[in-house]
Amino acid sequence: MIEVSTMYQNYLKRLLAIVLSLAGIILLGWLLIALCIAIKLDSPGPVLFRQKRVGLGKSHFYILKFRTMRTDTPKDMPTHLLANPDQYITKVGKFLRKTSLDELPQLFNVLFGSMSLVGPRPEVPHFVEYFREIIPLYMVKHYVKPGMTGLAQVKGLRGDTSVEDRIHEDIEYIENWSLAMDIAILLKTPFKAINKSEHYVDPEQKAEGEEESAPTDVVAEKLDGEETLRREGGAEDVVPERLGDRGYRGKILYAASTMSHINNFHLRYIESLRRDGYRVKIMARGD
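Residues numbered from 1 in each chain as written. Predicted model: local features only at pLDDT ≥ 70, side-chain atom pairs only at ≥ 80, totals over all residues. Heavy atoms only, no water.

What follows covers the overall build of the chain. From N to C terminus, the chain includes 13 helices and six strands. Residues counted as buried form 49% of the 287 residues belonging to the chain. Long-range pairs, those at least 24 residues apart, make up 75% of the contacts in the chain between residues at least 6 apart in sequence. Within the structure as shown, the chain displays about 14,800 Å² of accessible surface, and the carbon and sulfur contribution to it stands at 59%. (Helix = DSSP H or I, 4+ residues; strand = E, 2+ residues; numbered from the N terminus. Buried < 20%, exposed > 50% of the residue type's maximum accessible area, 1.4 Å probe, protein only. Contact = heavy atoms within 4.5 Å. Areas by Shrake-Rupley, 256 points an atom, 1.4 Å probe, with all protein chains shown as cover.)

Let's shift gears to the packing of helix α2 (residues 29–42) against helix α4 (residues 91–99). The geometry of α2 relative to α4 is characterised by a closest axis approach of 8 Å and an angle of 145 degrees between their N-to-C directions. Between α2 and α4, the contacting residues are Leu35, Ala38, Ile39 and Asp42 on the first element and Lys91, Val92, Gly93 and Leu96 on the second. Across the contact of α2 with α4, the residue classes break down as five nonpolar, one polar and two charged. (Axes fitted to C-alpha atoms, helices over the stretch in contact; angles between N-to-C directions. Nonpolar A, V, L, I, M, F, W, Y, C, P; charged D, E, K, R; others polar.)

Moving on to the packing of helix α1 (residues 7–27) against α2. Packing of α1 against α2 brings their axes to within 4 Å, and their N-to-C directions diverge by 60 degrees. Overall, the two elements α1 and α2 adopt an arrangement that is oblique. Only Gly29, Trp30 and Leu32 of α2 make contact with α1, whose side of the interface consists of Gly24, Ile25, Ile26 and Leu27. (Parallel < 35°, antiparallel > 145°, perpendicular 65-115°, else oblique.)

A few words on the pairing of strand β1 (residues 48–54). Note: β1 against strand β2 (residues 60–66), seven bridges, orientation antiparallel. By the bridge assignment, Leu48 is partnered in β2 with Phe66. Hairpin connection between β1 and β2: a loop of five residues separates the two successive antiparallel strands, and Gly57 in this loop has a positive phi of roughly 65 degrees. (Pairing = 2+ DSSP bridges.)

Looking now at the pattern of salt bridges. A side chain with one charge may pair with a side chain of the opposite charge, provided their charged atoms come close. Under the defined criterion, the tally for this structure stands at five salt bridges. The partner of Lys65 in a salt bridge is Glu103, and the shortest N-O contact between them spans 3.7 Å. Here Lys65, found in strand β2, pairs with Glu103, found in the loop between α4 and α5 (106–112); they are 38 residues apart in sequence, far enough to count as distant. Here Glu103 falls in the buried class, since its relative accessible area comes to 12%. Via salt bridges that share partners, Lys65, Glu103 and Arg121 belong to a single interconnected network. (Salt bridge = Lys/Arg side-chain N within 4 Å of Asp/Glu carboxyl O.)

Turning to unusual backbone geometry, a few remarks are in order. A positive phi angle, close to 65 degrees, is found at Lys58, a residue other than glycine. If you trace the backbone, Lys58 turns up in the loop between β1 and β2.

Note that Ser21 resides in helix α1. At a separation of 3.1 Å, a polar atom in the side chain of Ser21 contacts the main-chain carbonyl oxygen of Ile18. (Polar contact = N/O pair within 3.5 Å; in protein donor to acceptor, adjacent residues only side chain to side chain.)

In this structure, Lys94 sits in helix α4. Taking the C-alpha atoms as reference points, Lys94 and Met69, separated by 25 residues in sequence, lie 8.9 Å from one another.

It is worth spelling out a nonpolar patch on the surface at this point. Nonpolar side chains collect at one region of the surface, where Tyr8, Leu12, Leu15, Val19 and Leu20 lie side by side and expose about 470 Å² of accessible area between them. For Leu12, the location among the structural elements is in helix α1. We classify Leu12 as partly exposed; its relative accessible area is 30%. (Patch = residues over 30% accessible without salt bridge, like charges linked within 9 Å, V, L, I, M, F, W, Y side chains within 5 Å.)

The next subject is the nonpolar core. The biggest cluster of nonpolar side chains holds 44 residues, and the ones touching the most others in it are Phe66, Leu104 and Tyr138. Element by element, the count of residues in this core is highest for helix α8 (residues 163–175), at five residues. Beyond its immediate sequence surroundings of up to four residues, Phe66 is in contact with Leu32, Leu35, Cys36, Ile39, Val47, Leu48, Phe49, Leu96, Leu101, Asp102, Leu104 and Pro105. (Core = buried A, V, L, I, M, F, W, Y, C linked by side-chain atoms within 4.5 Å.)

Before going further, it helps to spend a moment on the confidence of the model for the chain. Per-chain confidence: the chain averages 76 in pLDDT, with 67% of residues scoring 70 or above. The weakest mean pLDDT in the chain belongs to helix α12 (residues 234–243) at 37; the strongest belongs to α5 at 97. Counting contacts from residues 1–5, a segment whose pLDDT is below 50, to residues more than four positions away or on other chains yields 15 contacts. Every residue in residues 77–82 scores below 50 in pLDDT, and together they form 16 contacts with partners more than four places removed in sequence or on other chains. (pLDDT = per-residue confidence, 0-100.)

In structure tokens:
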């Protein structure tokens, strides 16, 4: 079951995030400047990409990334282009995505408090609304700040991977969180930075009849924000093939040894889940 972190531990976590993000910005300043120059020389347009994401308490914030796609990427993108994003990704953008260096501007998100160094990865609002309907406990991830990296990411669950598996690891992180776990995840992150889940396929070399897939983050950048996704049907075109029909109906069973344990530790989570539209049943002894 989910444990509530002490105020002291949360203060330490925030202090660690401020110190390390500021140190990262200072120490990697030369790299940030070099990447800005490379992006500008590679293609015209802004250096940074801003996108609305869902964070702590379901609040919205703008995540920062280095721009990896051309500015002429169609806003009203037809479905067949969703399966072939490569033609709109810049040369520098491919390198940035492959090495995860496009995530470095999120150090500023961490410094100013909308994100933490470690936590569940934030999602765009429209995908959140979609996933909450079919994945039990999906909204639990919003009880903590989102992170630049997380338990799911260091276990290889990034890019074109199972959303259910990622949520399982997010809940595992929330239930067992400690500063030692955060430090361990941070130490593992550089070795997992190269994203092997995103594939860039040359359309001319693609075998006849072979289908291409578009990682969620690629689609999210092309379809900037939840209103664009909703207007173009992007989520409906991309998400179901990742999830399949797993038979979820938004029903949750909470089990505990005693009812007092439910009342003392889990009632607020149950109430939040019910407000989010889940049907929650409780199984426990009545003392």
